[in-house]
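# Commentary on secondary and tertiary structure
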Amino acid sequence: MKKTQLSLTVNGQTYTLAPIPGETLADLLRKRLHLTGTKIGCNEAECGACTVIMDGEPVLSCSTPAERADGKSITTIEGLAPAPLRLPPNSANLGGVPRRGEGGAEGGLHPLQEAFVTHGAVQCGFCIPGQIMTSYALLQKNPRPTSADIRHALKDTLCRCAGYPTIENSILAAAKALETGEPVAGPEVPPSAEQGQVIGRVQIRPDAVEKVTGAAIFTDDLTFENMLFSAVKRAGVPHAFVTKIDISKARALPGVVAVMTAADIPGEHLHGLVIFDWPVMVGVGERVRYVGDAIAIVAAETQEIAKEAVALIEVEFDLQPVISSAVQAREDGQPQIHAKGNLLKHIKVRKGDPEIGFAEADVVLEHTFHTPATDHLFMEPECSIAVPLADGRMEVYVGSQIPYQDRTQVSRALGWPEERVRIVGQLMGGGFGGKEDIAGQIHAALLANLTGRPVKLLFDRHESLIVHPKRHATQIKVKLGAKKDGTLTAAKTELYGDTGAYASLGEKVLTRATTHSAGPYKIPHVHADCYAMYTNNPPAGAFRGFGVLQSAFAFETMMDNLAETLGMDRVELRRKNALRVGDETSTGQVMRESAGLVECIDKVSGEMCQVSGLSRAELFKARPVPGAPHLVHAWGFASAFKNTGLGGGADDTSGAEVELYSDGSFQVRSAAAELGQGLVTIMQMVVAEELSVPSRQVSVLVMDTDLTPNGGPTTASRQTYVTGNASRLAARTLREAICATLAEKYDLAPDQIRFSAAGVQVNGQTLSMQQVYSEMKAAGKDPRVLYEYHAPETKPLGQGGDMHVAFSFASQAAEVEINTNTGEVRVLRVISANDVGRAINPLGLRGQVEGGVVMGVGHALLENFITKDGYVVTDRMSRYRIPSIMHMPEITAIVVEDPAKDGPYGAKGVGEIVLIPTPPAITNAIYNAVGVRFDYLPVDQEKLLWAMRENTRTA
Amino acid sequence: MNLWKEYLHPQTVQEAVEALASATPPVIPIAGGTDLMLDLQQGNHAPVHTLVDLTGIAELRALEIRGEKLFIGAGVPHNRIVESPLVQEHAQSLVEACGLIGGPQVRNSATLGGNVAHALPAADGMIGLLALEAEAEVAAPTGRRLQPLQELFLGPGKSSLKADEIIVGFTLPLRKPHQASAFNRVMRAQGIALPILNLAAWLERDGETIRAARISVGPAGPTPFRARQTEAFLAGKIFSPETILGAQESLLAEAKFRTSPARATAEYRRELVVVLLKNALSKAWDRAK
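Residues numbered from 1 in each chain as written. Chains lettered and ligands numbered in written order. Predicted model: local features only at pLDDT ≥ 70, side-chain atom pairs only at ≥ 80, totals over all residues.

Attention now moves to the overall build of chain B. Summing up its helical and strand segments, chain B has eleven helices and 14 strands in all. Since a compact globule built from 289 residues should have a radius of gyration of about 19 Å, the 19 Å found for chain B is in line with a globular shape. Dimensions of chain B along its principal axes, counting C-alpha atoms only, are 60 × 45 × 30 Å. Every one of the 289 residues in chain B was classed for burial, and the buried ones make up 54%. At a minimum sequence separation of 6, the contacts of chain B that also span at least 24 residues come to 65%. (Helix = DSSP H or I, 4+ residues; strand = E, 2+ residues; numbered from the N terminus. Rg over C-alpha atoms; globule rule 2.2 N^0.38 Å. Buried ≥ 20, exposed ≤ 12 C-beta atoms within 10 Å, placed from the backbone. Contact = placed C-beta atoms within 7 Å.)

A few words now on the domain arrangement of chain A. All names here are of chain A. The domains assigned to chain A are domain 1 (6-77), domain 2 (89-190), domain 3 (228-321 + 380-429 + 435-467), domain 4 (566-646 + 802-954) and domain 5 (653-790). In this structure, domain 3 and domain 4 have C-alpha centres spaced 40 Å apart. At the junction of the two partners, domain 3 supplies eight residues and domain 4 supplies nine residues. Split into classes, the residues belonging to the side of domain 3 that touches domain 4 amount to five nonpolar, two polar and one charged. (Domains from an automatic or database assignment. Nonpolar A, V, L, I, M, F, W, Y, C, P; charged D, E, K, R; others polar.)

Our focus in this paragraph is the confidence of the model for chain A. Of all residues in chain A, 97% have pLDDT values of 70 or greater, and the mean over the chain is 96. Predicted confidence for residues 83-107 of chain A stays below pLDDT 50, and this span has 55 contacts to residues more than four positions away or in other chains. (pLDDT = per-residue confidence, 0-100.)

Moving on, we come to the nonpolar core. Grouped together as the largest cluster of nonpolar side chains are 417 residues, with contacts concentrated most on A:Val298, A:Val396, A:Ala445, A:Ile926, B:Leu199 and B:Ala201. Top element by residues in this core is helix 15 (residues 548-566) of chain A. It accounts for ten residues. Sequence-distant contacts of A:Ala445, that is, excluding residues within four places in its chain, are made with A:Ala386, A:Met394, A:Val396, A:Val410, A:Ala413 and A:Leu414. (Core = buried A, V, L, I, M, F, W, Y, C linked by C-beta atoms within 7 Å.)

What follows concerns the domain arrangement of chain B. Note: interface size is frequently given as the accessible area lost on complex formation between the parts. All names here are of chain B. Assigned domains of chain B: these are domain 1 (6-53), domain 2 (58-173) and domain 3 (191-287). Placing a centre on the C-alpha atoms of domain 1 and another on those of domain 2 gives a separation of 19 Å. If you look at the interface, domain 1 gives twelve residues, while domain 2 gives 18 residues. At six residues, helix 1 (residues 13-22) tops the list of elements feeding residues into the side of domain 1 that touches domain 2. The residue makeup of the side of domain 1 that touches domain 2, split by class, is seven nonpolar, three polar and two charged.

On to the sheet that holds strand 31 (residues 784-790) of chain A, then. Residue and element names in this part refer to chain A. The four strands lie next to each other as 27-26-25-31, forming an open sheet whose pairing is mixed. Both outer strands of the open sheet, strand 27 (698-702) and strand 31, are each paired with one neighbouring strand and no more. If you compare each strand with its neighbour and ignore which way they point, the axes differ by 20° on average. Relative to strand 27, helix 19 (residues 679-691) is tilted by about 140°, and along the sheet it contacts strand 25 (653-660), strand 26 (666-670) and strand 27. (Pairing = 2+ DSSP bridges. Axes fitted to C-alpha atoms, helices over the stretch in contact; angles between N-to-C directions.)

What follows deals with the packing of helix 2 (residues 111-118) of chain A against helix 5 (residues 164-180) of chain A. Two measures define how a pair of helices packs: the angle their axes make with one another and the distance between the axes. Residue and element names in this part refer to chain A. Running from N to C, helix 2 and helix 5 point in directions that differ by 140°, and their axes come no closer than 8 Å. The angle between helix 2 and helix 5 falls in the class oblique. In the crossing of helix 2 with helix 5, the sense of the turn from one axis to the other is right-handed. The segment helix 2 lies against helix 5, with Pro111, Leu112, Ala115 and Phe116 engaging Ser170, Ile171, Ala173, Ala174, Ala177 and Leu178. In the contact of helix 2 with helix 5, the residues fall into nine nonpolar, one polar and no charged. (Parallel < 35°, antiparallel > 145°, perpendicular 65-115°, else oblique. Left-handed = near helix turned anticlockwise from the far one by under 90°.)

Turning our attention to the environment of A:Ala215. By the secondary structure assignment, A:Ala215 is in the loop between helix 6 (208-213) and strand 6 (228-234). Sequence separation between A:Ala215 and A:Glu657 is 442 residues, and the spatial gap between their C-alpha atoms is 27 Å.

A word on the interface of chain A and chain B. Taken together, the contact pairs 42 residues of chain A with 40 residues of chain B. Listing elements by their share of the side of chain A that touches chain B, those giving two or more residues are strand 4 (57-60), helix 3 (128-141), helix 8 (303-312) and helix 24 (941-954) of chain A. Here the side of chain A that touches chain B gets four residues from one element, more than from any other, and that element is strand 4 of chain A.

This brings us to the packing of helix 11 (residues 403-414) of chain A against helix 12 (residues 441-451) of chain A. All names here are of chain A. Put simply, helix 11 and helix 12 touch, their axes get as near as 9 Å, and they point 40° apart. When the interaxial angle is binned, helix 11 and helix 12 end up oblique. As helix 11 packs across helix 12, the resulting crossing turns out to be right-handed. In this structure, helix 11 uses Asp406, Gln409, Val410, Ala413 and Leu414 to contact helix 12, whose residues at the interface are Gln441, Ile442, Ala445, Leu446 and Asn449. Across the contact of helix 11 with helix 12, the residue classes break down as six nonpolar, three polar and one charged.

This part is about the pairing of strand 22 (residues 525-534) of chain A. All names here are of chain A. For strand 22, the tally of buried residues reaches nine of ten residues, placing the bulk of the element in the interior. One ladder, built from ten bridges, connects strand 21 (residues 488-500) with strand 22; its direction is parallel. Opposite Glu494, over in strand 22, you have Asp529 as the bridge partner. The β-α-β motif built from strand 21, the intervening helix 14 (residues 506-515) and the parallel element strand 22 has right-handed crossover chirality. (Right-handed = clockwise from strand over helix to strand, strands pointing away.)

All right, on to the environment of A:Thr118 then. Residues and elements named next belong to chain A. Take Thr118: it is sitting in helix 2. For Thr118, a count of 23 C-beta atoms within 10 Å puts it in the buried group. With 85 residues separating them in the primary sequence, Thr118 and Gln203 have C-alpha atoms 8.6 Å apart. Setting aside its immediate chain neighbours within four residues, Thr118 contacts Val184, Gly186, Pro187 and Ile204.

Encoded structure:
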């Protein structure tokens, strides 16, 4: 009955292996066979990323005992393509561009893989092996699936980039190709209104192929010789003083190589992004401020031993009263958890005098709203590997949104100059703002420094949920005044933001919440006050939408309230007050250009009428569903704006370097981060455009602090704008240098030199880029340009003038279905129009829009990061639900292009705006359907049912 | 800190129960493992030395008609149940219940036997099976016995199976003309993917009259609940809005709902149960034509 050997076939190859007690199939594949295409997203049978095919059926390899595979045939993502492409591990640093001679894998791709690539279903790529294997199993059984079949099959295979619509289309296209033998049909994505040679046209991600074959390497896929594994002892209590730490038992455990506490930190004890207030570890006598605070760190020969050692560390605490909300934190008599108190910042917006505006108003409304903390739930949990080098330096392999900030923070803790540390950025399985702060980088580096060996620190999903910063929970009071004709006269808002135990980017996030708290409207009198408060909850920091999601929910609900009170069409009310060129924002910035809100509003309302066949007057009324008396449908509407770039007087700078190689190819480099959003595609495209070469001739290298110039943080929807510009201007400068060199040699005016796809035309002859390289070298010119781009200067809040370089605008309409028997809500359809300035890559843009809408559905209906007295309740993926393909509405994406003068080709940011109007569009639709107004998120179906009953009683 | 130390692969039921009785303790059986593996990984299960894998036992994977009964092996994964023409013909409520659980990956592993072992009061498969008056075939080292399904449940997470016993399979009566069943449930958007409430109904129709009915509901008590008073009320009644109303009142009177923090209140479950009862009865009624 007991097996001494396991015999299994994996991707057609037979293996005979000794069983290892406790081993899962995922571990066998990843660790023993090095088939790292199979990913671990949750290790709790929730996400589907680890799906492989066992004897024809999809199974979750993370919860399948390896022994069960005995005698079975397994197919992993690596086995799908006949000749899978395997790039070297550092290919991540090339932005995944197959180097010449390494490409050509496309021909070997399975139609599913090809369709995922060409349709743009691949974004961060971490879930893609699971998506493809689940789809593959579906097609084996059902070669002609309907959309409903696909949704049923992919129900438990999650994608946080939420490329569900394109995933579905990819499967349909692959099924058709398999059936007919025809090539895989491409996606239907219209190009930009203004296209260049490359810009504005559909472009496939440079890393898409490796992400569909399983060749893409994420941090946890890397192994170094002699590598140790680490684990962190977390406080586990929300507020206390540490009175004793006993590491003796942990240290004595065989296989443990090092145990460190705060006393062993050679450098600075505090880290942080803006304010250094976050202890690397909390030492004896020091204050624990949240359950995720680190007390001690362990390095051991195996992951299991490291975890066992952590369990042996004994800590004693002097427990303190817990501050569990921002409002409580500001009350008198509460404990003060930081030396400067509980108030991180009081943020103020002052424009005019709201009392004057309220006096002029015919209607004044006031209401208070609440939004919860939410988790990014990127599919790839945090992982860092620190590798000490013989020359005394330290490399840290990590997927980070701010590599240069990681370098600063790691070197501070080590007590080293920054140059001794190199951050080698890896492919990131999603970030959404959640990979801006330090996770395990410092701890891994401290242990590597002490032991002299490489150290891997991988969070499991539980640790990820407890430790990393969340979206700020808020309480937002809005007072709004308007005249009978709908003209807004004044707004006053008061916000409380829970930034948790440490500042992270709390001040910046809540500043954005505050400055956007009166919506994308022209209002003469606006006062806003925000109290950014420390509490004993997990820290809150950056998360897609950056505070504006919260304030938009409050304000857009008020706009619907106001429209109803005034008896006015809700679209017209927004249109009437929409910021246009010449209008002034709440912070005193005059819109001089690129204010496409009215166009967004008009396009969405037009599309709503078109798809529903309803007149404007009928759109927002409740509609019974024929044959289903318990169901009601209605539309809802909302608008929003969101800044592009850091703004507020910050030096918003990015560097990019473009180099011509001897083989005639170009490389563009920046330490800006690729987290799945598609920056590498943008960089590749703008450089190809400027140098008139095909995009495949341009490779991209990102996120390496030794090899790439600082691109600044990947946040604030800024990278297309700043690094897009840096790349464009570096390429343009290189082009000018080439022209100058050739003009000199051939004695021509530089403007007589023409660039084309074939090469550079000089005097009727065409020089290839290899020849151009030789000419440059011969002339003693280095064919390489580093360009540091500085965005136009902005003003700090309170000084008036331009606080931001640009704003993106959006309107969305959502159609919901309410089950009046149960309170269940479904989002049927969302129309999303976004003014992005210019669509540089319409394919990537589509993915951002669809993914934003689905994440918005999540925030409206599902997502709620729950803490109780500082303890995390939603500490597993099974307790924190994100949208699956079953939650995907039918999405109509409308691109509005009102160009920004200083953006690259007119582009401005898009990553965040796409999600902001979705929650209020949905809750407004719920009100229109059943007359129940939600002033908190997420919508609770039981409370909705009770409210509907109450309405019936009082009607 | 390995999840287990020894892993055994019995090929017969006898080998399995002997292994459970004699292997190095603590010893437990593993079927699909969809719940057990998570409990082990997350430290929610007492440490285990030996796992006895039941998936290699052919008898546990049988799905066939045996005389007047349908036999569904305890180790048949949910996907096979959903796709089986036999189950589709004779146990519609079970097909509907099993089809709603998880995604295909989980359905490929999860088993009805595991549902019993986990003993939740609202496991979809158990509620779907309970209305069909299923019996379980239990194997012990001393021999086998047939036991009514409901007797296997003692409380949340507790089954009446002894440590050295396993379920071989479930038998249920074949569907006769004018008999049919249906299953439905309500989920909550947030939090753990367990139903707030699920309900299965079976009935036999005689023209416009309900000759007999069986109703199962979860969670409506510590174990899967059979609404026997409501079943008695329905027997012999004309199928009409008044009858459904009466059945709803009867069910509310006999079922005991409780409040689960952050999931659903007892009051909400009372609202839902009348909706689910009406839907399931109506669906089964139409099918029983």
